[in-house]
Amino acid sequence: AQSVTQLGSHVSVSEGALVLLRCNYSSSVPPYLFWYVQYPNQGLQLLLKYTSAATLVKGINGFEAEFKKSETSFHLTKPSAHMSDAAEYFCAVSEVDSSYKLIFGSGTRLLVRP
Amino acid sequence: GAGVSQSPSNKVTEKGKDVELRCDPISGHTALYWYRQSLGQGLEFLIYFQGNSAPDKSGLPSDRFSAERTGGSVSTLTIQRTQQEDSAVYLCASSQPNYNEQFFGPGTRLTVL
C-alpha cells in the first residue's frame, strides 16, 4: 500500500526565510504527487503536482517542489516566506491506474514569525 | 465558474441520530470523492464515484456509512446511528474523468454530542 510521510508536524520560520517542508512517499510504481494547502476553516487548495513530466515543479504563490526518485522524496520549498503562507500543508500521492484517490501525509503546520 | 459546494457547513447532532451530508461537484466532473479529516486520523479517503457508480468504497469505516450519487452530479453521504468518533470534517472533491487534479469543497464539520 502506498504511504506518505511528512517530517515535522510544525515548522516555524521567520518572514523572508526559506521554507522547506519535507515529504517522502512509498510506491511500487511512479506515482502522481501533490502538495495541498489548507487555510483555517477552509478546504484544500492545490499548490502543485508532479505527474511524471519535469521533476522540478512550480506551483502557485512562489512554491516549488522537486521529485527525487532515488530518495523517494517530494519536498516543498519557497525561497522567502510571507506571513500569508501560514497554513497547514499536506503532501499526497495517488496511484496512476486506479481511482486516483489521494493518500495524504499527516500534514505540516507552517508558522511564520514576523 | 462555481467550485465544489457542500452543505451544511456545520452540523451538530446527538449520538444515535442519522445525518446526511451533501456535495455538489463542479459541473462536468464525473469523478467525485469523499474524504474525512479528523484529529486522530488525519485525512482519510472514504469513497470514490465515477458517474453514479462507486467502484471504490474501501475507505468507508463501517456499514453505518453509505453514499450515493444521482444524475452524475450531487452526492449524499449518510451516516446512520452516529457515534462520537464520527465527529470530523467531511470533505468532498471532484475531478474530470481520468484526470488527476481534485478540487475540494469547504467541507462539512460534523459534531456528534
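Refer to the structure printed above.
Residues numbered from 1 in each chain as written. Chains lettered and ligands numbered in written order. Predicted model: local features only at pLDDT ≥ 70, side-chain atom pairs only at ≥ 80, totals over all residues. Heavy atoms only, no water.

A. Representation of the overall build of chain A. A count of helical and extended segments in chain A gives zero helices and twelve strands. Scanning chain A from its N terminus toward the C terminus, one meets helices and strands in the order β-β-β-β-β-β-β-β-β-β-β-β. Computed over the C-alpha atoms, the radius of gyration of chain A is 13 Å, within 12% of the 13 Å expected from 2.2 N^0.38 for a compact globule of 114 residues. A principal-axis box enclosing the C-alpha atoms of chain A has dimensions of 45 × 30 × 20 Å. Each of the 114 residues in chain A was classed as buried or not, and the buried ones make up 46%. The contacts of chain A with a sequence gap of at least 6 include a subset with a gap of at least 24, amounting to 56%. (Helix = DSSP H or I, 4+ residues; strand = E, 2+ residues; numbered from the N terminus. Rg over C-alpha atoms; globule rule 2.2 N^0.38 Å. Buried < 20%, exposed > 50% of the residue type's maximum accessible area, 1.4 Å probe, protein only. Contact = heavy atoms within 4.5 Å.)

B. The arrangement of the pairing of strand β3 (residues 19-24) of chain B in detail. Residues and elements named next belong to chain B. Only one face of β3 is buried: it carries V19, L21 and C23, and the other face, with E20, R22 and D24, is open. Bridge count between strand β1 (residues 5-7) and β3: three bridges; the pairing is antiparallel. In the strand pairing of β3, Q6 is matched with C23. Where β3 meets strand β8 (residues 75-79), five bridges bridge the pair, whose relative direction is antiparallel. Across the sheet, the residue bridging to R22 is T76, located in β8. (Pairing = 2+ DSSP bridges.)

C. Structural context of the state of the cysteines. Residues and elements named next belong to chain A. Tallied over the full model, the rule gives two disulfides over all chains. Across a sulfur-sulfur distance of 1.9 Å, C23 and C91 are joined as a disulfide pair. A torsion of -65 degrees about the S-S bond marks the disulfide between C23 and C91 as left-handed. With C23 in the loop between β3 (19-21) and β4 (24-26) and C91 in strand β10 (residues 87-94), this pair connects stretches of sequence that are 68 residues apart. (Disulfide = S-S within 2.5 Å.)

D. Up close: the sheet that holds β8 of chain B. All names here are of chain B. Strand order in the open sheet formed by four strands is β1-β3-β8-β7, and the pairing between neighbours is antiparallel. Edge positions in the sheet fall to β1 and β7 (65-69), since each of these pairs with one other strand and no more. Sheet twist, expressed as the mean angle between neighbouring strand axes with direction ignored, is 15 degrees. (Axes fitted to C-alpha atoms, helices over the stretch in contact; angles between N-to-C directions.)

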